[in-house]
Amino acid sequence: MLPTPSTAHVCFDHVYEPAEDSFLLLDTLSSPSETAFLHSRFKQTSFQEGSNETCNSSSPLVLEIGVGSGVVLAFVAANASNIFGRSDVLTLGTDINSFACKDASRTVQTATDEHCPTPFFDIINGDLASSIRSSCIDIFLFNPPYVPAELPDLSRHDNYNTLPMGQTSTSFEQDSYLLALSYAGGADGMEVTNRMLEQIPQILHPVRGVGYLLLCAQNKPEEVKQHIRNWGSRWMAETVGSSGKKAGWEKLQIVRIWRETSK
Amino acid sequence: MKILTLNFLTCARKLCKSSNTAFPLHPKEADLEIVETEINVLFLKNIMGRLMWEELKGVVGELGLPDLPPTPPEPETLVETKLQAPEGDNTGLNIEKAEVPSQIAKDLHRVLLETCVKEGKLVCGNCGHEYAVREGIANFLLPGHLV
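Residues numbered from 1 in each chain as written. Chains lettered and ligands numbered in written order. Predicted model: local features only at pLDDT ≥ 70, side-chain atom pairs only at ≥ 80, totals over all residues. Heavy atoms only, no water.

Student: Tell me about the overall build of chain B, and name the residues and values.
Tutor: The number of helices and strands found in chain B is three helices and six strands. Taken against the 2.2 N^0.38 rule, which gives 15 Å for 147 residues, the C-alpha radius of gyration of chain B at 19 Å runs more than 25% over that of a compact globule. With respect to the principal axes defined by its C-alpha atoms, chain B has extents near 70 × 30 × 20 Å. Total accessible area on chain B stands at roughly 7,600 Å², and carbon and sulfur atoms take up 50% of it. For chain B, the centre of its 15 positive side-chain charges and the centre of its 21 negative side-chain charges are spaced 8 Å apart. (Helix = DSSP H or I, 4+ residues; strand = E, 2+ residues; numbered from the N terminus. Rg over C-alpha atoms; globule rule 2.2 N^0.38 Å. Areas by Shrake-Rupley, 256 points an atom, 1.4 Å probe, with all protein chains shown as cover. Lys, Arg positive; Asp, Glu negative; His and termini not counted. Charge placed at Lys NZ, Arg CZ, Asp CG, Glu CD.)

See below:
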């Protein structure tokens with residue numbers, strides 16, 4: 001088993017604490033079937049093989065949306081050789097919560113300093129992937145706010161996204177708001193995920209791009225997968241990891257989203 | 001935030017997505033710092049092919065940093081062979097060939113991965129919106145009326 005990055009410095013009062021969903025994502029990404037898929041998709045080819053191979057040989061860029069504590073992105077960065085078969089992997093993350101951005105940045109930096117010099121970019125404070133240049137993401141990761149619960153009131157975001165004026169700590173209301181951002185997904189727990197899905201065809205690299213999305217049973221995963229397949233004949237969506245099996249129902253699952261390359 | 005990151009970011013506004021002036025964002029009143037990291041030559045070699053070099057050069061120029069070469073350096077110029085004694089061997093009898101990062105690689109690593117915008121703004125060339133960078137973290141959240 002690959003080591004789980006340390007998140008000891010993260011303040012879990014207002015940043016999502018790694019839980020079963022985070023670990024399912026880690027386990028799935030490092031499972032034999034997924035590493036085999038990723039190794040073959042991101043194979044390094046030698047430079048002498050000609051320019052038609054440049055697409056395969058250039059360093060893959062990983063984007064995680066909603067990094068929270070940063071545990072998933074740090075895991076991917078620190079174990080890039082195991083997961084992708086190469087260490088020249090770039091990692092970039094976003095989160096709507098500025099406190100999460102700071103803490104996650106440290107999580108990834110610490111993990112890469114300790115394990116492997118994978119070039120870590122930055123964590124951006126933003127809404128989903130709205131600031132990401134189109135077609136440049138090779139690996140997309142998203143553990144969304146998936147709980148069917150009312151979305152927090154975003155009109156308070158500006159006030160709650162920084163420390164209160166003159167204070168050195170966050171208030172209880174502020175912490176509740178920031179944590180709600182990390183789990184509350186609105187109707188069917190799908191409101192945020194649906195907004196994200198809309199951006200995926202834009203940001204994913206047209207050939208290499210692959211996404212991993214976590215869903216819970218209430219998100220109606222079969223419908224979500226069908227929705228993705230309806231984007232076009234080459235779009236694929238399959239469950240590649242699951243946990244919490246109960247009477248044949250998966251509580252949580254990881255869906256891989258990708259385009260079949262035309263042969 | 002690293003200079004290299006700017007090569008993968010655009011303005012977050014929907015109306016700017018189709019504009020070719022929304023990328024790259026232009027640093028303004030930028031306060032830079034150097035954060036040293038280990039050099040990864042394999043990465044430098046493999047990133048060249050996917051960079052938007054002209055835009056990168058532009059940003060580096062706007063920040064007043066030394067000019068980048070007119071075209072991305074060829075992968076083979078990023079390493080050089082050096083004759084040196086194996087680590088810990090001071091006898092001077094066992095000289096071997098070793099591949100080390102070239103000066104070009106070191107300079108690139110310095111600019112792309114170690115030079116960071118600590119405080120400042122990033123400005124969209126299309127709509128003029130200014131995104132703040134504070135404590136090294138860029139804020140791309142838009143006020144409600146701009147989304």
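Student: Lay out the overall build of chain A in plain terms, naming residues and giving numbers.
Tutor: Broken down by element type, chain A carries ten helices and seven strands. In terms of overall size, chain A behaves like a compact globule, its C-alpha atoms giving a radius of gyration of 18 Å where 263 residues would be expected to give roughly 18 Å. Counting only C-alpha atoms and orienting by the principal axes, one finds that chain A spans roughly 60 × 40 × 35 Å. Split into buried and exposed, the 263 residues of chain A put 54% on the buried side. For chain A, the proportion of contacts with a sequence separation of at least 24, taken over those separated by at least 6, is 79%. Counting only carbon and sulfur atoms, one obtains 51% of the accessible surface of chain A, whose full area is about 11,100 Å². (Buried < 20%, exposed > 50% of the residue type's maximum accessible area, 1.4 Å probe, protein only. Contact = heavy atoms within 4.5 Å.)

Student: Go over the interface of chain A and chain B with me, naming the residues and quoting the values.
Tutor: Counting from both sides, the interface comprises 35 residues of chain A and, opposite them, 30 residues of chain B. Across the interface of chain A and chain B, roughly 2,800 Å² is buried in total on both sides, 60% from carbon and sulfur atoms. Connecting chain A to chain B are one salt bridge. Residue Arg50(B) pairs with Asp138(A) through a salt bridge whose shortest N-O separation is 2.6 Å. When contributions to the side of chain A that touches chain B are tallied by element, the ones reaching two or more residues are strand S2 (90-95), helix H6 (98-115) and strand S3 (120-125) of chain A. With six residues, the top contributor of residues to the side of chain A that touches chain B is S3(A). (Buried area = accessible area lost by both parts, 1.4 Å probe. Salt bridge = Lys/Arg side-chain N within 4 Å of Asp/Glu carboxyl O.)

Student: Please give an account of the side chain of Lys225(A) that cites residues and values.
Tutor: All names here are of chain A. Structurally, the position occupied by Lys225 is in helix H10 (residues 221-229). Assessed through its relative accessible area of 5%, Lys225 is described here as buried. A polar atom in the side chain of Lys225 sits 3.0 Å from the side chain of Glu222. (Polar contact = N/O pair within 3.5 Å; in protein donor to acceptor, adjacent residues only side chain to side chain.)

Student: I'd like a description of the sheet that holds strand S4 (residues 139-142) of chain A, backed by residues and values.
Tutor: Residues and elements named next belong to chain A. In space, the seven strands of this open sheet follow the order S3-S2-S1-S4-S5-S7-S6, with mixed pairing throughout. Of all the strands in the sheet, just S3 and strand S6 (235-243) have a single pairing partner and so form its edges. The average angle at which neighbouring strand axes cross in this sheet is 20 degrees, direction not considered. Of the strand pairs in this sheet, S6 and strand S7 (residues 252-259) are connected by eight bridges, and their pairing is antiparallel. Within S7, the position partnered with Ser243 by the bridge is Leu252. (Pairing = 2+ DSSP bridges. Axes fitted to C-alpha atoms, helices over the stretch in contact; angles between N-to-C directions.)

Student: Describe in detail the packing of helix H4 (residues 71-78) of chain A against H6(A), supporting the description with residues and values.
Tutor: Residue and element names in this part refer to chain A. The geometry of H4 relative to H6 is characterised by a closest axis approach of 8 Å and an angle of 20 degrees between their N-to-C directions. Between H4 and H6, the interaxial angle falls into the category roughly parallel. As for how H4 packs across H6, the hand of that crossing is right-handed. Within the contact between the two elements, H4 uses Val71, Leu73, Ala74, Ala77 and Ala78 and H6 uses Thr107, Val108, Ala111, Thr112 and His115. (Parallel < 35°, antiparallel > 145°, perpendicular 65-115°, else oblique. Left-handed = near helix turned anticlockwise from the far one by under 90°.)

Student: Just give me the short version of the sheet that holds strand S6 (residues 137-138) of chain B, but keep the residues and values in it.
Tutor: Residues and elements named next belong to chain B. With antiparallel pairing, four strands are arranged side by side in an open sheet as S1-S4-S5-S6. A single partner strand is all that each edge strand has here, and the edge strands are strand S1 (26-34) and S6. With four bridges connecting them, strand S4 (residues 115-123) and strand S5 (residues 130-134) associate as antiparallel partners. By the bridge assignment, Val123 is partnered in S5 with Glu130.

Student: Give me the packing of aromatic side chains: which residues, what numbers.
Tutor: Residue and element names in this part refer to chain A. This structure, assessed with the given rule, holds six aromatic pairs over all chains. Aromatic pair Phe37 and Trp258: ring centres 5.8 Å apart, planes at 75 degrees, arrangement edge-to-face. With Phe37 in helix H2 (residues 32-41) and Trp258 in strand S7, this residue pair connects regions lying 221 residues apart in the sequence. Measuring from ring centre to ring centre gives 6.2 Å for Phe140 and Phe142, while their planes differ by 55 degrees; the resulting arrangement is tilted. You can call Phe142 buried: its relative accessible area is 2%. We note Lys102 situated over the ring of Phe99; from NZ or CZ to the ring centre the distance is 5.8 Å. (Phe/Tyr/Trp six-rings, centres within 6.5 Å; stacked < 30°, edge-to-face > 60°. Lys NZ or Arg CZ within 6 Å of the ring centre and 35° of its normal.)

Student: Mind laying out H4(A), listing which residues take part and the relevant values?
Tutor: Because each turn of an α-helix spans 3.6 residues, side chains separated by three or four positions in sequence point in the same direction. In terms of burial, H4(A) is largely enclosed, as eight of its eight residues are buried. The complete set of buried residues in H4(A) reads Val71(A), Val72(A), Leu73(A), Ala74(A), Phe75(A), Val76(A), Ala77(A) and Ala78(A).

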